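Residue strings, one per chain:
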Amino acid sequence: RCWGIIGLHEPTQNKILDFALPPYDWNTQRKLATSQLVDEFGHHTGGVNQSCTIILGIGGKPEKLINIDAARDDGVLVLRRFSGGGTVVVDHSSMWTTFIGRNSILPHVKPFPREIMQWSVDAVFGSAFQSWGKEMEDSRSNNPKGKQTLVFKGKSCGLSGGVGESLILPSSADETQQMHSTDTPLFHLKENDYVLGERKIGGNAQAIVKDGWIHHTSFLYDFVDTNMEYLTLPDKRPDYRGNRSHNEFLVRLKEHYGERSNKNAFFEHVKKGVNESFEMEEVSLNDVLTIAEDQFGGLQEWWDTKCRTKVVKL
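Here's a quick rundown of the structure. None of these values were measured; they are calculated from a predicted model.

The rules behind the values
Residues numbered from 1 in each chain as written. Predicted model: local features only at pLDDT ≥ 70, side-chain atom pairs only at ≥ 80, totals over all residues. Heavy atoms only, no water. Phe/Tyr/Trp six-rings, centres within 6.5 Å; stacked < 30°, edge-to-face > 60°. Helix = DSSP H or I, 4+ residues; strand = E, 2+ residues; numbered from the N terminus. Buried < 20%, exposed > 50% of the residue type's maximum accessible area, 1.4 Å probe, protein only. Lys NZ or Arg CZ within 6 Å of the ring centre and 35° of its normal. Patch = residues over 30% accessible without salt bridge, like charges linked within 9 Å, V, L, I, M, F, W, Y side chains within 5 Å. Areas by Shrake-Rupley, 256 points an atom, 1.4 Å probe, with all protein chains shown as cover. Salt bridge = Lys/Arg side-chain N within 4 Å of Asp/Glu carboxyl O. Polar contact = N/O pair within 3.5 Å; in protein donor to acceptor, adjacent residues only side chain to side chain. Contact = heavy atoms within 4.5 Å. Core = buried A, V, L, I, M, F, W, Y, C linked by side-chain atoms within 4.5 Å. Pairing = 2+ DSSP bridges. Expected span 1.5 Å × (residues − 1).

Attention now goes to the packing of aromatic side chains. Here the structure, examined in full by the defined rule, presents 19 aromatic pairs. Ring plane angle 55° and centroid distance 6.0 Å describe the contact between phenylalanine 129 and phenylalanine 219, whose orientation is recorded as tilted. Taken together, the residues span a long stretch of sequence, with phenylalanine 129 in helix α4 (residues 113-142) and phenylalanine 219 in strand β14 (residues 212-220) at a distance of 90 residues. Given a relative accessible area of 4%, phenylalanine 129 falls into the buried group. The ring of phenylalanine 223 has arginine 252 lying over it, and the distance from NZ or CZ to the ring centre is 4.0 Å.

And the structure:
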């Protein structure tokens, strides 16, 4: 079978895996464990930034992609994943999707990054974002902003009605224009990025082997601007980005979907998109952990022995 994995999790507070977190000095770890300092996300910090994680692609060089002094001083967790792609900063607001495809089941999907991404748009994400956008449009139509309710008694200003009646006044021209300006930009694939309009909405990567492939994405529902400053402007970047900084280049999905929707709605639309293309069987995290335990001794055993994702010590 093929697999799709979707969900949320904290960037550093892993409830399943036991692994060393920076800083690696034991005395600093003890200070962190007893610290009363708490960041905006409720993490006990001790001066350490536990609100995000920096993830490098398998070939990524920290000295070229990360502001190492800042990341080291703030004690940020840095990982090197087993798949390709660029460097991303993820946090508790990142929305994760993974697809594991087998060539024997998806022979029409050529096992190359661009072709896999195009398949994901055609089979899942295109439909998911279209239905999510329709949800936004329907919500605006049913509860449009810009309209005003006037409560009046008797006759006033040439309007007739009973005591306590209300009248919905139409939006002004300026208000109507403002409503249209909130229309969600089109989701599409641009070069090797998922974008809304001309701005990137997440990082993605692939790992391709003889019999199949994995394609995973961290969608940016929200992020902290200062955390993006840990990343440098990479030498290799898509043409449409130009020299834009990360904060100018990226866009939060929350900006376009957050007012009338939420992260859970995104996952529901992704499942809806999957259902339109496949026969889907939904399983829980506990089901997956049981399979992992039966097949290779559990996720902790995999992390400690065969896993190619590693913590990077700056």
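A few words on a nonpolar patch on the surface. On the surface, a nonpolar cluster with roughly 550 Å² of combined accessible area is contributed by Ile16, Val283, Leu285, Val288, Phe296, Leu299 and Trp302. When residues of the nonpolar patch are traced back to their parent elements, those giving at least two are α10 (285-296) and α11 (299-305). Per-element accounting of the nonpolar patch gives the leading share, three residues, to α10. Within the fold, tryptophan 302 resides in helix α11.

Among the structural elements, histidine 215 can be located in strand β14. Assessed through its relative accessible area of 0%, histidine 215 is described here as buried. One polar contact links histidine 215 to tyrosine 194, side chain to side chain, over a distance of 2.7 Å. Sequence-distant contacts of histidine 215, that is, excluding residues within four places in its chain, are made with Thr97, Thr98, Phe99, Ile116, Met117, Ser120, Tyr194, Asn204, Ala205 and Gln206.

This next bit is on the pattern of salt bridges. Scanning all chains against the criterion turns up eleven salt bridges. Note that lysine 200 and aspartate 193 form a salt bridge whose closest N and O atoms lie 3.6 Å from each other. In terms of burial, lysine 200 and aspartate 193 fall into one category: buried. Between lysine 271 and glutamate 268 there is a salt bridge, with the nearest N and O atoms lying 3.1 Å from each other. Here lysine 271 pairs with glutamate 268, and both are found in helix α9 (residues 263-277), just three residues apart, close to one helical turn. We classify lysine 271 as buried; its relative accessible area is 18%. The partly exposed category is assigned to glutamate 268, whose relative accessible area is 47%. Within this structure, Asp222, Asp225, Arg252, Lys254 and Glu255 form a network of salt bridges that share partners.

For soluble globular proteins, the rule of thumb is that nonpolar side chains tend to be buried together. Counting residues in hydrophobic clusters, the biggest one holds 31 residues, and the most contacted among them are Phe125, Phe129, Tyr194, Ile201, Phe219 and Leu253. Mapped onto this core, the elements with two or more residues apiece are β5 (94-102), α4, β10 (187-190), β11 (193-196), β14, α8 (253-257) and α9. In terms of residue count, the dominant contributor to this core is α4 (eleven residues). Apart from residues lying up to four places away in sequence, phenylalanine 125 is in contact with Thr97, Phe99, Ser120, Phe187, Tyr194, Phe219 and Val270. Counting 19 residues, the second-largest nonpolar core is a separate cluster that includes Val76, Phe223, Tyr230 and Phe249.

On to the sheet that holds strand β4 (residues 88-91), then. Reading across the sheet, the four strands line up as β4-β2-β3-β15 and stay open at both edges, with mixed pairing between neighbours. Every interior strand has two partners, whereas the edge strands, β4 and β15 (310-311), have only one. Pairing of strand β3 (residues 77-80) with β15, which is carried by two bridges, proceeds in the antiparallel orientation. Residue pairing in the sheet places leucine 79 in a bridge with valine 311 of β15.

Attention shifts here to α9. Under the 1.5 Å per step criterion, the end-to-end length of α9 is 22 Å for 15 residues, consistent within 8% with the ideal 21 Å. Of all the positions in α9, only Lys263, Ala265, Phe266, Phe267, His269, Val270, Lys271, Gly273 and Val274 are classed as buried. As for α9, its buried residues are in contact with β1 (3-7), β5, α4 and β14. At the N-terminal end of α9, a side-chain oxygen is found 3.1 Å from the backbone nitrogen of asparagine 264, two or three residues along, and the residue is asparagine 262.

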